[in-house]
Amino acid sequence: MYCGDETGAFIGDVGSHTARFGYGGEDCPKVVIPSAVYKHSPDENNNAGSLGNQTIRGGKKRGVVQRGNYTAPVSLMNVPPQSCFSLEGEDRDVGFIPIYQSMNSNNNQTKQTGQDSCDGDGVIQDIDAWASLWEYSFSALAARGKSKHTVGYQKMEQSHDGPIDHPLLAVDSSSRIISTNLQEKQKARVLETLFETLSAPAAYIAPSAMLSSFANGRQTSLVVDVGHTGSRVTPVVDGYLLHSGSCKSGRGGMWLGDVQQRVLEGCWKINGTDGVVNKWNGWKGAPPCQQDGVTPRYILHSNIEKIKASQLEQLKKSPFHSIAVHEVMYEMMSSTTLQSFGIGTDTTSTPFVGYGSADDNNDVTMEDKNDDDVEVEDDGPSYVLPDGTKIDLAQQAGKDLSRLPQLLLSEDLPSLAQPQTSDANGYASNMLPLHKLVHRSLSQILDADLRKELASNIILTGSASLFPGLDKTLSIELEKVLPASYKHKVISSKSTVENRYGAWIGGSILSSLGSFQQLWLSKKEYEENGAVLGLQRFNNN
């Protein structure tokens, strides 16, 4: 037990895309960094300091924090340090470690193998890399040291190995995504890291769905989390997760970016084969990025000339390149230029349906399809990628790109995003649209009164739920699949910060409650009972 009215908790939410850190009681996280670290070869550790300083938001300089072979944060704008290319192995992997296994594959490999984007979702592949992100946040927010409230962190020297005065609340994003066995092992590793590596005086592990519900002022709700690696629906009843109604889908931000990239490059999978030649793809002529693919920002940086050609080729096959490309895709799909069209502007058709179709009825060449098209004026709507490639939004493919978020709710999937296996209803078991996912979750709950209560408290959260009109469109689609007696209500904050950082904000609220302080697992209790007591206390089933 770790009591006290004002503990000054430190909250950490390491997601699949970004990691968020800050003090409890604040309205938003103060440190937001990519969920990945650099890993240097052991003989290059002394040279890792040559990374220098990196510019963070606000224009301030903050040094890179190194722990063992790991350094954080990473920059997707620049080429990784030379020491990251010195790691020897069968494939000479680049020393770039995403925190979760679901992000540990190159996009091209995923296309070739048909790998599910949800594979490994929630599984921490390197706990030391996970701890490095916490260490950086401690340094950036001056979490160590008694004088942090009176002296700026730039004027004080901090030890990375000393104790920390704040209890640590870690947000658990793996609840019911992975098996119960693996989840318990992972929680035990996280607790061991919090107490033994990060020297926490007390700790607590809270599921993200519960915290998102608290952030929206609900103890009982149906949390629809549309994140980077997919969508999850989790019933929360009186602060406890109802795992019998939890389900997930691969439709998320990374999947949308993958579809967008395939359209721009004109490459998709038909009958297990990548690349469709002489099939209509929505563009007049060749797709805009067909020749060189989507170019990430690090290739445009001046220091790209300092690395060898073999190293660049090695980098393009690594997760670093895939994640850097997805950053460009995320910038495009979230830009005001594309969002101005709105998700519900045209609901009569599904975007990209018929592209590269192998069906006889749709076996149309680009030349035949373009004969009846009218030339688009140069001053039409367009979007420019970082490398200067101009995307014409007036063409059919451009119009469909503007409606890309509609795929989260579409009944039909375009051929370029078709799953290889489907269930009896024609869906892949892990690729349900959002409204079908909500319907499946509610149908797995036996209590009829509880189903009605959950349906009236549907919380839409996650960084991929920020598209304008998504909440209204979801409500319209739910009206078609739910019984008329269910008065459903979709709750979505109008604040971008609250939607994007809902779980972290919930943790900030929870850690500030006086009634919560008795739930902390103290270091003394951990030393006496080990992780067993923590697993019992943090069991939110």
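See the structure printed just above.
Asks: I'd like a rundown of the overall build of the protein, residues and numbers included.
Replies: Counting its secondary structure elements, the protein contains 18 helices and 22 strands. Buried residues in the protein amount to 55% of all 541 residues. In the protein, 73% of the contacts between residues at least 6 apart in sequence involve partners at least 24 apart.

Asks: Describe the packing of aromatic side chains, naming the residues involved and giving the relevant values.
Replies: Going through the model one piece at a time under the given rule, you end up with 14 aromatic pairs. Relative to Phe138, the ring of Phe10 has its centre 5.1 Å away and its plane inclined at 70°; by these criteria the two rings are edge-to-face. Of this pair, Phe10 sits in strand 1 (residues 10-14) while Phe138 sits in helix 2 (residues 127-140), placing them 128 residues apart in sequence. Among the aromatic side chains, those forming a connected cluster through ring pairs are Phe10, Phe21, Tyr23, Trp130, Trp134 and Phe138.

Asks: Describe empty space enclosed by the protein, naming the residues involved and giving the relevant values.
Replies: The tally for this structure, following the rule as stated, stands at three cavities of 30 Å³ or more. Reported here for the largest cavity is a volume of approximately 160 Å³. Lining the largest cavity are 17 residues, and of these Ile124, Val171, Asp172, Gln186 and Val190 lie nearest its centre. Elements represented by at least two residues in the lining of the largest cavity include exactly strand 1, strand 10 (168-172) and helix 3 (180-197). For the lining of the largest cavity, the element with the highest residue contribution is helix 3, accounting for four residues. Split into classes, the residues belonging to the lining of the largest cavity amount to eight nonpolar, six polar and three charged.

Asks: Summarise the sheet that holds strand 22 (residues 521-522); cite the residues concerned and give the values.
Replies: Spatially, 3-2-1-10-11-22 is the arrangement adopted by the six strands of the open sheet, whose pairing is mixed. Edge positions in the sheet fall to strand 3 (31-34) and strand 22, since each has one partner strand and no second. With three bridges joining them, strand 1 and strand 10 adopt parallel strand pairing. Residue pairing for strand 10: Phe10 is matched across the bridge by Leu168. Across the sheet, helix 2 is in contact with strand 1, strand 2 (18-23), strand 3 and strand 10; its angle to strand 1 comes to roughly 140°. Lying on the sheet, helix 3 is in contact with strand 10, strand 11 (202-207) and strand 22; it crosses strand 11 at an angle near 150°.

Asks: Would you mind going over unusual backbone geometry in detail, with residue names and values included?
Replies: Of the consecutive residues Ala72 and Pro73, the connecting peptide bond is found in the cis state with omega at 0°. Mapping Pro73 onto the fold places it in the loop between strand 8 (70-72) and strand 9 (96-98). Although it is not a glycine, Ser199 adopts a positive phi angle of roughly 55°. Structurally, the position occupied by Ser199 is in the loop between helix 3 and strand 11. Judged by relative accessible area, which is 18%, Ser199 ranks as buried. If you check the backbone angles, Asp238 has positive phi at about 55° while not being a glycine. Among the secondary structure elements, Asp238 is positioned in the loop between strand 13 (231-237) and strand 14 (240-241).

Asks: A description of the packing of helix 12 (residues 434-443) against helix 14 (residues 470-481) should follow, citing residues and the corresponding values.
Replies: Viewed as axis vectors pointing N to C, helix 12 and helix 14 meet at an angle of 55°, and their least axial separation amounts to 9 Å. Put simply, helix 12 runs oblique to helix 14. Remark: the crossing between helix 12 and helix 14 carries right-handed chirality. Of the residues in helix 14, those touching helix 12 at Leu434, His435, Lys436, Val438 and His439 are Leu470, Leu474, Glu477, Leu478 and Val481.

Asks: Break down the nonpolar core for me, with residues and values.
Replies: One finds Trp130 and Trp134 to be the most contacted residues of the largest nonpolar core, which totals 61 residues. At nine residues, helix 2 tops the list of elements feeding residues into this core. Counting 52 residues, the second largest nonpolar core, distinct from the first, contains Val226, Met329, Leu432 and Leu454.

Asks: Talk me through the side chain of His488; I want residue IDs and the actual numbers.
Replies: Tracing the sequence through the fold places His488 in the loop between helix 14 and strand 21 (490-491). Dropping the residues within four chain positions of it, His488 is found in contact with Ala455, Ser456, Ile458, Ser475, Leu478, Glu479 and Leu482.

Asks: Give a detailed account of the pattern of salt bridges, specifying residues and quantitative values.
Replies: Opposite charge on two side chains lets them pair, provided their charged atoms get close. Counted according to the given criterion, the structure contains nine salt bridges. The residue Arg144 makes a salt bridge to Glu135 at a minimum N-O spacing of 3.2 Å. The exposure class assigned to Arg144 is buried, which follows from its relative accessible area of 4%. When the shortest N-O distance is used, the salt bridge between Arg403 and Asp400 registers 3.1 Å.

Asks: Lay out the pairing of strand 4 (residues 36-39) in plain terms, naming residues and giving numbers.
Replies: Alignment of strand 4 against strand 9, held across three bridges, turns out to be antiparallel. Its bridge partner lying in strand 9, Val37 is registered against Ile97. In terms of strand pairing, strand 4 meets strand 8 through two bridges, oriented antiparallel. Looking at strand 8, one finds that Lys39 is bridged to Tyr70.

Asks: Give me helix 13 (residues 448-455): which residues, what numbers.
Replies: Those residues of helix 13 not exposed but buried are Leu450, Arg451, Leu454 and Ala455. Burial along helix 13 is one-sided: seen end-on, the buried residues are contained in an arc of 135°. Against strand 12 (221-226), strand 13, helix 12 and strand 20 (458-461) lie the buried residues of helix 13. The residue sitting at the N-terminus of helix 13 and contributing the capping side-chain oxygen is Asp447; that oxygen lies 3.0 Å from the backbone nitrogen of Asp449.

Cut-off values and rules
- The residue numbering used here restarts from 1 in each chain and proceeds along that chain's sequence as written.
- pLDDT decides what is reported in this predicted model: residues at 70 or higher carry local features, side-chain atom pairs at 80 or more are listed and counted, and totals for whole chains, interfaces and linings draw on all residues regardless.
- Based on all heavy atoms of the structure, the side-chain values leave hydrogens and waters out of the count.
- Secondary structure elements are taken from DSSP: a helix is a run of H or I of four residues or more, a strand is a run of E of two residues or more, and numbering for both begins at the N terminus.
- Each residue is assigned to one of three classes by its accessible area relative to the maximum for its type, calculated with a 1.4 Å probe on protein chains only: buried under 20%, partly exposed between the two thresholds, exposed over 50%.
- It only takes one pair of heavy atoms within 4.5 Å for two residues to be counted as in contact.
- Two aromatic rings from Phe, Tyr or Trp, using only the six-membered ring of Trp, form a pair when their centres are within 6.5 Å; if the ring planes differ by under 30 degrees the pair is stacked, by over 60 it is edge-to-face, and anything between is tilted.
- Grid points spaced at 1 Å and placed over the protein atoms alone form the basis of the search, with a cavity being a set where a 1.4 Å probe fits but cannot get out and a pocket an open set showing protein on both sides within 12 Å along at least five of seven lines. Lining residues have an atom within 4 Å of a point.
- Grid points are joined across faces, edges and corners, and a volume is the space filled by probe spheres set on the points.
- Ten residues, namely Ala, Val, Leu, Ile, Met, Phe, Trp, Tyr, Cys and Pro, are considered nonpolar, four, namely Asp, Glu, Lys and Arg, are considered charged, and the remaining ones, Gly among them, are considered polar.
- Strand pairing is assigned whenever DSSP detects at least two bridges linking the two strands.
- Convention adopted: a line fitted to C-alpha atoms gives each axis, helices being fitted over their contacting stretch, and angles between N-to-C directions are expressed from 0 to 180 degrees.
- Should an angle fall under 35 degrees it is called roughly parallel, over 145 degrees roughly antiparallel, and 65 to 115 degrees roughly perpendicular, with every other angle called oblique.
- By definition, any crossing whose near helix is turned counterclockwise from its far helix by less than a right angle is left-handed, and any crossing with a clockwise turn is right-handed.
- The term nonpolar core refers to a set of buried residues drawn from Ala, Val, Leu, Ile, Met, Phe, Trp, Tyr and Cys, joined through side-chain atoms within 4.5 Å.
- In the sections that follow, a salt bridge refers to a side-chain nitrogen of Lys or Arg positioned within 4 Å of a carboxyl oxygen of Asp or Glu.
- Arc definition: it is the arc formed by the directions from the helix axis to the C-beta atoms.
- Each polar contact in these results corresponds to two N or O atoms within 3.5 Å; when the atoms are within protein, one needs to be able to donate a hydrogen and the other to accept it, and residues that are neighboring in sequence are counted only if both atoms are side-chain atoms.

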